[in-house]
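Below are the chains, spelled out letter by letter.
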Amino acid sequence: MSALRVLFIGGTGVISTACVAEAVRQGHEVHLLHRGREQRRAVPDGVIVHRGDIRDEVSARRALEGEEFDVVAQFLAFVPEHIETDLRLFTGRTHQYVFISSASAYQTPPTRLPVTESTPLRNPFWEYSRNKIACEDRLVAAYREAGFPVTIIRPSHTYDPTLIPIDGGWTAIARMRAGEPVIVHGDGTSLWTLTHHTDFARGFVGLLGRADAVGEAFHITGDDAPTWNEIYTEIARAAGVAEPDLVHVPSAAIAAVDPEWGAALLGDKAHSMLFDTSKLRSRVPEFRTTVRIPEGAREIVDWYDAHPDAQTIDEDYVRLADELAARHRARP
């Protein structure tokens, strides 16, 4: 495939940073639209940056005046109003518009595993997911009615060295190192698919510029699906803790004391999630999992140990973890 002219809206987040780097590595001409604020993740050399705010249509239009792209990759649209802005900005200016949705939009809880792209979209527990579904609905309508060239991508739980894939984040690691309890929802035995951001990026970039991806939806997930007990234990081991103090708490009990935390559990993490990626592999046969949780956990701990300024303690999590552990710890 010849080099593509690709615009990333965002491009400095957990997922998009790896996608930008992979697109550069594959020789594409990469553009970013963002506000120009200081970012934790550096922009690779050779990337063309357009200073503008996608939440301000006038600003975005001015920043992209006269530009056209083979691909526009939208990582920062979360509600249908954001999609309406993009339809005005990019209709007639790109051959492929790639919308980052979410695998949490799939039927929750799932009635059948593994999940495929034809699994119904329904999540009554989490507003974030319902908004992503509404965005998809608007884009599908634009494709059917006017041929707007959308490709929908549904990531599941994708992480990088800066994103700790357990509730509590760094606070949970610090507590494990101190011998203090951390909370694991349910009994910890449900299976959870984790995807390293570099693995996601290879699948993502492989779909760019493909006419047979337009009008289609794909999830991009790895095949690393440990239990939550294994996820917490591998992160603890990477942090030098052989036997972390894991306290299992029903997701509904967590939701009763923290509705926001509970919504993310009941609407996503509380249920085993396995994905069939055969549709993606039919277009990107080289896609595979190369980074599994033991290696990913070591990357995370190494990064945080090297960045003490990022080792912030969430006092709300401390309070809730102590409260829930005292209430739900198994009695001898």
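Refer to the preceding data block for the structure.
(A) Quick look at the overall build of the chain. Secondary structure assignment for the chain yields 12 helices and 11 strands. For 332 residues, the compact-globule estimate of 2.2 N^0.38 gives 20 Å, and the chain sits close to it at 20 Å. When the 332 residues of the chain are sorted by exposure, 54% land in the buried category. Taking the intrachain contacts of the chain between residues at least 6 apart in sequence as the baseline, contacts between residues at least 24 apart amount to 77%. Charge separation in the chain, taken as the distance between the mean sites of 35 positive and 47 negative side-chain charges, equals 3 Å.

(B) Representation of the packing of helix α5 (residues 169-177) against helix α11 (residues 293-306) in the model. At a minimum axis separation of 12 Å, α5 and α11 run at an interaxial angle of 90°. As summarised for this structure, α5 and α11 are arranged roughly perpendicular, according to the angle between their axes. Contacts from W170, I173 and R177 in α5 reach V301, Y304 and D305 in α11. Here the residues of the contact of α5 with α11 are counted per class, giving 4 nonpolar, no polar and 2 charged.

(C) Representation of the nonpolar core within the structure. Counting residues in hydrophobic clusters, the biggest one holds 43 residues, and the most contacted among them are I164, I166, I173, M176, I183, I235 and W261. Contributions of two or more residues to this core are made by α5, β8 (182-185), α7 (228-238), β11 (246-249), α9 (259-269), α11 and α12 (315-328). With 6 residues, the top contributor of residues to this core is α11. Setting aside chain neighbours within four positions, we find I183 in contact with Y232, V247, V249, I254, W261, Y317, A321, L324 and A325. Of all hydrophobic cores here, the second largest spans 29 residues; its members include C19, L32, I100 and F287.

(D) Molecular detail of empty space enclosed by the protein. Counted under the stated rule, the structure contains 1 cavity of 30 Å³ or more. Space inside the largest cavity adds up to approximately 40 Å³. In terms of lining residues, the largest cavity is bounded by A103, S104, Y106, Q107, T108, P110, G267, D268, H271 and M273. Of the residues assigned to the lining of the largest cavity, the class counts are 4 nonpolar, 5 polar and 1 charged.

(E) Broad picture of a nonpolar patch on the surface. A contiguous nonpolar patch, built from L76, F78 and Y128 and spanning about 220 Å² of accessible area, is present on the exposed surface. Summarising the element assignment, L76 is placed in the loop between β4 (69-74) and α3 (80-90). Residue class for L76 comes out partly exposed when judged on its relative accessible area of 31%.

(F) Geometry of the pattern of salt bridges. Within the structure shown, the criterion is met by 21 salt bridges. Where E323 meets R319, a salt bridge forms, and the shortest distance between an N and an O atom there is 3.9 Å. Of the two residues, E323 and R319 both sit in helix α12, 4 residues apart, roughly one turn of that helix. Put simply, R327 and E323 hold a salt bridge, and the shortest N to O gap is 2.9 Å. On the criterion of helical spacing, the pair formed by R327 and E323 is a turn pair, its members being 4 residues apart in helix α12. One network of salt bridges, with partners in common, ties together R5, E29 and E67.

(G) Inspection of the sheet that holds strand β2 (residues 29-34) at higher detail. Spatially, the 7 strands line up as an open sheet ordered β3-β2-β1-β4-β5-β6-β10, and their pairing is parallel. Single-partner strands in this sheet number two, and they are β3 (48-51) and β10 (217-220). If you compare each strand with its neighbour and ignore which way they point, the axes differ by 20° on average. Here strand β1 (residues 5-9) runs beside β4; their pairing, made up of 4 bridges, is parallel. The partner of V6 across the bridge, within β4, is V71. Contacting β1, β4 and β5 (94-100), α3 crosses the sheet at an angle of about 165° to β5. Across the sheet, helix α4 (residues 127-146) is in contact with β5 and β6 (150-155); its angle to β5 comes to roughly 160°.

(H) Highlighting the packing of aromatic side chains. All told, the structure shown has 12 aromatic pairs when counted by the stated rule. Seen from their ring centres, Y97 and F148 are 5.2 Å apart, and the 55° between their planes marks the pair as tilted. One end of the pair, Y97, is in strand β5; the other, F148, is in the loop between α4 and β6, and 51 residues separate them in sequence. Residue classification places Y97 among the buried positions, given a relative accessible area of 0%. On the basis of relative accessible area, F148 is assigned to the buried category, the value being 5%. Pairing Y106 with F275 gives two aromatic rings, centres 6.4 Å apart and planes at 50°, and the pair type is tilted. Pair noted here: Y106 is in the loop between β5 and α4 and F275 is in the loop between α9 and α10 (278-283), with a separation of 169 residues, a long-range link.

Scoring rules and cut-offs
Every chain begins its residue count from 1, and numbering advances along the sequence as written. Local features are withheld for residues below a pLDDT of 70 in this predicted model, meaning they are given only at 70 or higher, and side-chain atom pairs are given and counted only at 80 or more; totals for whole chains, interfaces and linings count all residues. With hydrogens and water stripped out, all remaining heavy atoms of the structure feed into the side-chain values. A run of DSSP states H or I qualifies as a helix once it reaches four residues; a run of E qualifies as a strand once it reaches two. Both are numbered from the N-terminal end. Atoms counted for the radius of gyration: C-alpha only. Globule rule: 2.2 Å times residue count to the power 0.38. The buried label applies to any residue whose accessible area, calculated with a 1.4 Å probe on protein chains only, is under 20% of its type's maximum; exposed applies above 50%, and partly exposed to all values in between. A contact between two residues is defined here by any heavy atoms of the two lying within 4.5 Å. Under the convention used here, Asp and Glu are negative, Lys and Arg are positive, and both His and the chain ends fall outside the count. All charge positions are set by atom: Lys at NZ, Arg at CZ, Asp at CG, Glu at CD. Axis definition: a line fit to C-alpha positions, over the contact stretch in the case of helices; interaxial angles, taken between N-to-C directions, run 0 to 180 degrees. Geometric relationships in this document are graded by angle, where less than 35 degrees denotes roughly parallel, more than 145 denotes roughly antiparallel, 65 to 115 denotes roughly perpendicular, and other angles denote oblique. All residues other than Ala, Val, Leu, Ile, Met, Phe, Trp, Tyr, Cys, Pro, Asp, Glu, Lys and Arg, Gly among them, are scored as polar; the first ten of these are nonpolar and the last four charged. To qualify as a nonpolar core, a set must consist of buried Ala, Val, Leu, Ile, Met, Phe, Trp, Tyr and Cys residues joined through side-chain atoms within 4.5 Å. A cavity here means a set of points on a 1 Å grid, drawn over the protein atoms and nothing else, where a 1.4 Å probe fits but cannot get out; a pocket is an open set with protein on both sides within 12 Å along at least five of seven lines, and a residue lines either one if it has an atom within 4 Å of a point. Grid points are joined across faces, edges and corners, and a volume is the space filled by probe spheres set on the points. Every patch collects residues that have over 30% relative accessible area and no salt bridge, joining them within 9 Å if they carry like charges and within 5 Å if they are nonpolar side chains (Val, Leu, Ile, Met, Phe, Trp, Tyr). The protein chains shown are the only cover counted for residues, whose accessible areas, like all others here, come from Shrake-Rupley with a 1.4 Å probe. The term salt bridge refers to a pairing of a side-chain nitrogen on Lys or Arg with a carboxyl oxygen on Asp or Glu at a separation within 4 Å. Strands are labelled as partners when DSSP assigns at least two bridges between them. Geometry of aromatic contacts follows a simple scheme: Phe, Tyr and Trp rings, the Trp one being its six-membered ring, pair when their centres are within 6.5 Å, and the pair is stacked under 30 degrees between planes, edge-to-face over 60, tilted otherwise.

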